[in-house]
Amino acid sequence: MGGSDVANGPPGAPVVHGFPHLDTVRSAITALYRRLSADGVHTYATSLAPADAAFTDRDDLHLGAQRVARSLVQHLHLPEARMIVGFRAMEHAASVELTAGPEYFIELNDRFRTHRRDIGAALAHEVTHVLLHRLGLEFPGTRANEILTDTTTAYLGAGWLLLDAFREDATSRQKLGYLTPEEFGYVLAKRAFAFDEDPSPWFTSPQAYTAYTRGREQALHDLRRPPLTAAGWAGRRRYAKDRRYAQDHPGTSPDPNAAYAFETGDREPRVSFPCPTCHQRIRVPVRGRFTARCGLCRTVLECDT
Ligand SMILES: [Zn+2]
Ligand SMILES: [Zn+2]
């Protein structure tokens, strides 16, 4: 079976910022809700505690790595899986062999022997690969699959470690995973909204905290798009204009870039838009103010259509 790895940019390479993978990240959240159901996702309502991933230079290297791996296996609800962690010289940060189990071999880059604080982050990504493998959940192509893995790690409560491993100072720079720091922040904020949690006290890296606040702004934007009543004045005005256009020109779309789309014709006009929590599309009648509920994640949505 194929292996999998967590990327670690070449030393000195610039860190990509912003939201270049947002569509795939959102598809990953939808896929997770579809595979686990809303109840299943909510069994991950508590994040991995910082103490469970803590690793100091006084800890024995191998025993400590096994201990953190065990915490992650428990956190991700993999009762029968056993992780065997080794170290070797390699280009990537870490890798795991995806086999039938119950034993899985994880290899960590030799540099973690002396950078133990980030062993939890590297293991979080690899153990999530095992979870997705066991769930039979994958996206086509290595890149999309890695984005699914990072998104799942973050959404299920272990990915704050990956963002916290992002550190820059005058002499060094480190980033783990395939999402940008801001995208990790975005997924963590979406998790924070869904589970009423605040991960900000856990960040030890100032750069990680900044990326979290930027991601959180983007996630807040999802909650304030029309036809949700929380949308701002400009968004609502534009929505009303687009709705008029759709009613006057059935079968055409006024703005293909808008997140919502109108369906007009013989039947009662309807509008579809992505759920701000799980991004599954919701279809509701165009008839003013009412409360809807997402059929997938069950979020209650105040709409004005
Ligand atoms: Zn990976
Ligand atoms: Zn939803």
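One structure accompanies this document, and this report is about it. Predicted, not measured: the structure shown is a model, and the values here were computed from it.

### As for the sheet that holds strand S8 (residues 270-274)
Pairing in this open sheet of three strands is antiparallel, and the strands run S7-S8-S9 from one edge to the other. Of all strands in the sheet, those bounded by a partner on one side alone are strand S7 (261-263) and strand S9 (281-285). In this sheet, adjacent strand axes meet at a mean angle of 25 degrees when their direction is disregarded. Relative to S9, S8 runs antiparallel, the two sharing five bridges. For Pro274, the partnering residue across the bridge sits in S9 and is Arg281.

### Examining helix H7 (residues 181-195)
Given 3.6 residues per turn, any residue in an α-helix points the same way as the ones three and four places further on. Compared with the 21 Å implied by 1.5 Å per residue over 15 residues, the 21 Å span of H7 between its first and last C-alpha is a close match. Within H7, 13 of the 15 residues are buried, which leaves the element mostly enclosed by the surrounding structure. Just downstream of H7 lies Asp196, where phi reads positive at about 50 degrees.

### Quick notes on the pairing of strand S3 (residues 94-97)
Pairing geometry for S3 and strand S4 (residues 103-109), over three bridges, is antiparallel. Bridged to Val96 within S4 is Ile106. Between the antiparallel neighbours S3 and S4 lie five residues, among them Gly101 with a positive phi of about 80 degrees.

### Details of the environment of Thr149
Mapped onto the elements, Thr149 comes out in helix H5 (residues 142-155). Residue classification places Thr149 among the buried positions, given a relative accessible area of 0%. The sequence separation of Thr149 and Lys175 amounts to 26 residues, and the corresponding C-alpha distance is 16 Å. For Thr149, the contacting residues outside a window of four places in its chain are His125, Thr128, His129 and Leu132.

### Structural notes on unusual backbone geometry
Here the bond from Gly101 into Pro102 is cis, since omega is 5 degrees, no more than 30 degrees from zero. Structurally, Pro102 can be placed in the loop between S3 and S4. Of note, the phi angle at Ser37 is positive, near 70 degrees, even though the residue is not glycine. The topology assignment puts Ser37 in helix H1 (residues 22-42). A relative accessible area of 33% places Ser37 in the partly exposed class. Even without being a glycine, Arg298 presents a positive backbone phi close to 70 degrees. Mapping Arg298 onto the fold places it in the loop between strand S10 (289-293) and strand S11 (300-304).

### Topic: the pattern of salt bridges
Evaluation of the coordinates by the stated rule reveals 14 salt bridges. The shortest N-O distance in the salt bridge between Asp39 and Arg298 comes to 2.8 Å. Residue Asp39 is found in helix H1, and its partner Arg298 is found in the loop between S10 and S11; the two are separated by 259 residues along the sequence. Looking at Arg298, the relative accessible area reads 41%, which means it is partly exposed. Through salt bridges with shared partners, one network takes in Arg26, Lys190, Asp222 and Arg225.

### Side note on the state of the cysteines
Here the structure, examined in full by the defined rule, presents zero disulfides. For the unlinked cysteine Cys303, the closest cysteine sulfur is that of Cys275, found at 9.9 Å. Classification of Cys303 as buried rests on a relative accessible area of 1%.

### Quick look at the pairing of S4
In terms of strand pairing, strand S2 (residues 82-88) meets S4 through seven bridges, oriented parallel. Of the residues in S4, the one forming a bridge with Arg82 is Glu103.

### Considering the nonpolar core
In this structure, Met83, Leu108 and Leu123 are the most contacted members of the largest nonpolar core, which totals 92 residues. Per-element accounting of this core gives the leading share, ten residues, to helix H4 (residues 119-135). Not counting residues within four places of it along the chain, the set of residues in contact with Met83 comprises Gln66, Ala69, Val73, Tyr104, Ile106, Val127 and Val130.

Definitions and limits used
- Residues numbered from 1 in each chain as written.
- Chains lettered and ligands numbered in written order.
- Predicted model: local features only at pLDDT ≥ 70, side-chain atom pairs only at ≥ 80, totals over all residues.
- Heavy atoms only, no water.
- Pairing = 2+ DSSP bridges.
- Helix = DSSP H or I, 4+ residues; strand = E, 2+ residues; numbered from the N terminus.
- Axes fitted to C-alpha atoms, helices over the stretch in contact; angles between N-to-C directions.
- Expected span 1.5 Å × (residues − 1).
- Buried < 20%, exposed > 50% of the residue type's maximum accessible area, 1.4 Å probe, protein only.
- Contact = heavy atoms within 4.5 Å.
- Salt bridge = Lys/Arg side-chain N within 4 Å of Asp/Glu carboxyl O.
- Disulfide = S-S within 2.5 Å.
- Core = buried A, V, L, I, M, F, W, Y, C linked by side-chain atoms within 4.5 Å.

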